[in-house]
Amino acid sequence: MNEWLYANYRSRTVNDEKNSFVFHSHAQYEIYCFHSGDCKYLIHHTIYDLEPGDIIIMDGLTAHRANPSAYVPYERSAVHFLPQWIEPVLETMGLPESLVLFKEMNNNLLRGSDGPERTTIYKCIKEIVQLTEKYEIHAEREVEAELKLLVATILLNIFKLSKRANNRLTMKKSEKDIHVEKTAAYIHQHFQQKITLDDISSALSLSKFYLSRLFKEVTGTTVMDYVMDCRLNNVKYELEMNPKKVLHDVAIESGFESPAHFSRFFKKKVGITPSQYRRRKGVR
């Protein structure tokens, strides 16, 4: 993935043993477009039951994960970009407020059927993919300028859609989704502490067997795997945002039992050591 800009257009996969979706976070802002399939999307501790035409605005740093139904074709488009890469263009165009949406409407869903704005957004994402596949972003000034204009056009149309939407989409939640959202919210509040499945089920007054089955069904991951994903994403954030903090403190404050356990888990999940991750991100 290019650090400044990345896009995929109408990616189509099937969620089976070979294709799985994990909780992740990234520094880029993200605009996610759902086209077809049967999919729940979990961001932080909110679950969205997606419908074709849904667009999600994300800051990227909040852990998120798609959970499409098994063996049902899942189609989506997305564009990731660093705000500082596009900000000068938006200032020149008089559209700086278009990035405010990622703070005021962060991790929110824009629901609606296909229309001129969505058609333009999809078209721009397709053109971004075509350009980035053919050229390096910084290889030619003209190419980079064109990419920035495409991203600015997407943001303008997102802004138009947001003006017609409520600040928060009110969606009818199933009892299952409500239980899972409460579970995720509890985990986000306590993942830095030593917690067990028994602790969580007791706090929510739910059978741990029912809770385990329900959480896995809705999110596609287990309760304790979600706890560890929250800890891992917190570590990544601390490594990038607090470069002077020692690794021992990062590990303990993120809920890991010991620095040794933290190092093994991080290397297994990320593929490199925490120190290498810091260096790769340009933080020393």
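Up top is the structure.
**Student:** What is the right way to read the environment of Asp49 from this model?
**Tutor:** For Asp49, the location among the structural elements is in strand S4 (residues 46–49). As a C-alpha pair, Asp49 and Pro88 span 39 residues in sequence and 36 Å in three-dimensional space. Polar side-chain contacts of Asp49 include one of 3.1 Å to the side chain of Lys40.

**Student:** Looking at this model, I keep getting lost on the packing of aromatic side chains. Mind explaining?
**Tutor:** By the definition in use, this model includes 10 aromatic pairs. Its end group placed over the ring of Tyr122, Arg10 keeps NZ or CZ at 5.7 Å from the ring centre.

**Student:** Mind showing me how you'd approach unusual backbone geometry here?
**Tutor:** One can expect most non-glycine residues to show negative phi and most peptide bonds to be in trans. Its identity is not glycine, yet Arg10 carries a phi of approximately 45°, on the positive side. Judged by its relative accessible area of 32%, Arg10 falls in the partly exposed class. Of note, Ser205 is a non-glycine position whose phi angle comes to about 55°, a positive value. Tracing the backbone shows Ser205 in the loop between helix H6 (197–204) and helix H7 (208–219).

What counts, and where the lines are drawn
Residues numbered from 1 in each chain as written. Predicted model: local features only at pLDDT ≥ 70, side-chain atom pairs only at ≥ 80, totals over all residues. Heavy atoms only, no water. Helix = DSSP H or I, 4+ residues; strand = E, 2+ residues; numbered from the N terminus. Polar contact = N/O pair within 3.5 Å; in protein donor to acceptor, adjacent residues only side chain to side chain. Phe/Tyr/Trp six-rings, centres within 6.5 Å; stacked < 30°, edge-to-face > 60°. Lys NZ or Arg CZ within 6 Å of the ring centre and 35° of its normal. Buried < 20%, exposed > 50% of the residue type's maximum accessible area, 1.4 Å probe, protein only.

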